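# Breakdown of the fold
Here are the chains, one letter per residue:
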Amino acid sequence: MGRLQRRAPITATERLRDQVAHALRAALISGELRPGEVYSAPVLAEDFGISATPVREAMLDLAREGLVEPVRNKGFRVTEVDERDLDQYTEIRMLIEVPVTGRVARTAARADLEALRPIAEDIVRAARDHDLIGYLEADRRFHLTLLGLAGNERLVETVGDLRKRSRLYGLTGLDERGELIPSAEEHLELLDLMLAGDAEGAEACMTRHLGHVRSLWARDRGGPPGDE
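Residues numbered from 1 in each chain as written. Predicted model: local features only at pLDDT ≥ 70, side-chain atom pairs only at ≥ 80, totals over all residues. Heavy atoms only, no water.

In the nomenclature of an unreviewed UniProt entry, the chain is known as GntR family transcriptional regulator of Streptomyces luteireticuli.

Now the structure itself:
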């Protein structure tokens, strides 16, 4: 049964459940929680220095995100994502995000697009600072806020769910090789194209960006790169 490395105890400055979920996501990103391995809430609670209840609640939150799955009488298994899964997630995202990016470039108010710039800058800053949790959060906010400008809440929910099921994998290796920074800077390039009213260029940039992300995943996992 898996354990976490020794770490500082969780404190009560915010909801324990949220703190634990944040810490577990960080452990998923780093690879400390390994795909396919089963983790017991009581054992993890010992590592955190807290009771098992908030750990179990946090693991249930991650289960709803598709990151872990309950194993009866044992705990939670970290969900394994294979190359086919990643290809399918990327394909769906391209079918949604590329045309919506073009539509938003044609119709969104300039002020709404400019509001994306601080988020894009946060993505680049987090990549340069090796802040993987910050990178993921800023990247999520940028993409979902952009999609939200199209006015379709269900579309945003769909892409948000796809991101939860895929984006946590492989970031540590990419960060160590400095490959997160070029991907991060693509958000600024995309924003500039949209502000220039270049809808076709923005669609091409989004296609390249999602293909770039997929190929980096594949390289980090040792598999064949996806179509770019």
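### Focus on the overall build of the chain
Check the secondary structure of the chain and you find 11 helices and 3 strands. Taken from N to C terminus, the helices and strands of the chain fall in the order α-β-α-α-β-β-α-α-α-α-α-α-α-α. For the chain, with 228 residues in total, the buried portion stands at 48%. Pairs at least 24 residues apart make up 70% of the contacts formed inside the chain by residues separated by at least 6 positions. (Helix = DSSP H or I, 4+ residues; strand = E, 2+ residues; numbered from the N terminus. Buried < 20%, exposed > 50% of the residue type's maximum accessible area, 1.4 Å probe, protein only. Contact = heavy atoms within 4.5 Å.)

### Description of the pattern of salt bridges
Enumeration over the complete set of coordinates arrives at 20 salt bridges. Of the charged contacts in the structure, one is a salt bridge between R141 and D122, with a shortest N-O distance of 3.4 Å. Pair noted here: R141 is in helix α7 (residues 132–148) and D122 is in helix α6 (residues 117–128), with a separation of 19 residues, a long-range link. Residue classification places R141 among the partly exposed residues on the basis of a relative accessible area of 28%. Measuring nitrogen to oxygen at the nearest pair gives 2.6 Å for the salt bridge that ties D139 to R163. Here D139, found in helix α7, pairs with R163, found in helix α8 (residues 153–166); they are 24 residues apart in sequence, far enough to count as distant. (Salt bridge = Lys/Arg side-chain N within 4 Å of Asp/Glu carboxyl O.)

### As for the sheet that holds strand β3 (residues 75–78)
The 3 strands are arranged β1-β3-β2 in an open sheet whose pairing can be described as antiparallel. Only two strands of the sheet have a single partner each, and these edge strands are β1 (38–39) and β2 (68–71). Bridging between β2 and β3 involves 4 bridges; their strand directions are antiparallel. Looking at the pairing, V68 lines up with V78 of β3. (Pairing = 2+ DSSP bridges.)

### Some remarks on the packing of helix α4 (residues 83–107) against α8
Between α4 and α8, whose axes approach to 10 Å, the crossing angle comes to 150 degrees. Judged by the twist between their axes, the crossing of α4 over α8 is left-handed. Residue-level contacts link L86, Y89, I92, R93, I96, E97 and V100 of α4 to L155, T158, V159, L162, R163, R165 and S166 of α8. Across the contact of α4 with α8, the residue classes tally to 8 nonpolar, 2 polar and 4 charged. (Axes fitted to C-alpha atoms, helices over the stretch in contact; angles between N-to-C directions. Left-handed = near helix turned anticlockwise from the far one by under 90°. Nonpolar A, V, L, I, M, F, W, Y, C, P; charged D, E, K, R; others polar.)

### Structural notes on the nonpolar core
Within the largest apolar cluster, 39 residues are counted, with the highest numbers of intra-cluster contacts made by L113, F142, L190 and M194. Looking at this core element by element, the count peaks at 8 residues for α7. Excluding its chain neighbours within four sequence positions, the residues that come into contact with L113 are V104, A108, L149, L191, M194 and L195. If you look at the next biggest cluster of nonpolar residues, it comprises 21 residues, including Y39, L62, L67 and V78. (Core = buried A, V, L, I, M, F, W, Y, C linked by side-chain atoms within 4.5 Å.)

### Re helix α1 (residues 16–30)
Over its 15 residues, α1 extends 21 Å from the first C-alpha to the last, a length consistent with the 21 Å expected when each residue adds 1.5 Å. The set of residues buried in α1 consists of Q19, V20, A21, A23, L24, A27, L28 and I29. The inward-facing, buried residues of α1 contact α2 (41–48), α3 (52–64), β3, α7 and α9 (171–176). The first or second residue beyond α1 is G31, which carries a positive phi of 90 degrees. (Expected span 1.5 Å × (residues − 1).)

### Let's talk about unusual backbone geometry
Excluding glycine, a negative phi dihedral is what most residues carry, and trans is how most peptide bonds are arranged. Even without being a glycine, N73 presents a positive backbone phi close to 65 degrees. Under the relative-accessibility criterion, N73 is labelled exposed at 76%. At H130, a position not held by glycine, the phi torsion is positive, near 60 degrees. One can find H130 in the loop between α6 and α7.

### With respect to the confidence of the model for the chain
Looking at the chain, pLDDT values average 86 and 86% of them are 70 or higher. In the model of the chain, α9 stands out as the element of lowest mean pLDDT, 79, in contrast to helix α5 (residues 110–114), which has the highest, 98. Confidence drops under a pLDDT of 50 for residues 222–228, and excluding neighbours within four residues, the segment shows 17 contacts in the predicted structure. (pLDDT = per-residue confidence, 0-100.)

### A short note on the environment of V156
As for its position among the elements, V156 is in helix α8. Taking C-alpha positions, V156 is 8.9 Å from H143, a pair spaced 13 residues apart along the chain. Excluding anything up to four places from it in sequence, V156 contacts L144, L147 and G148.

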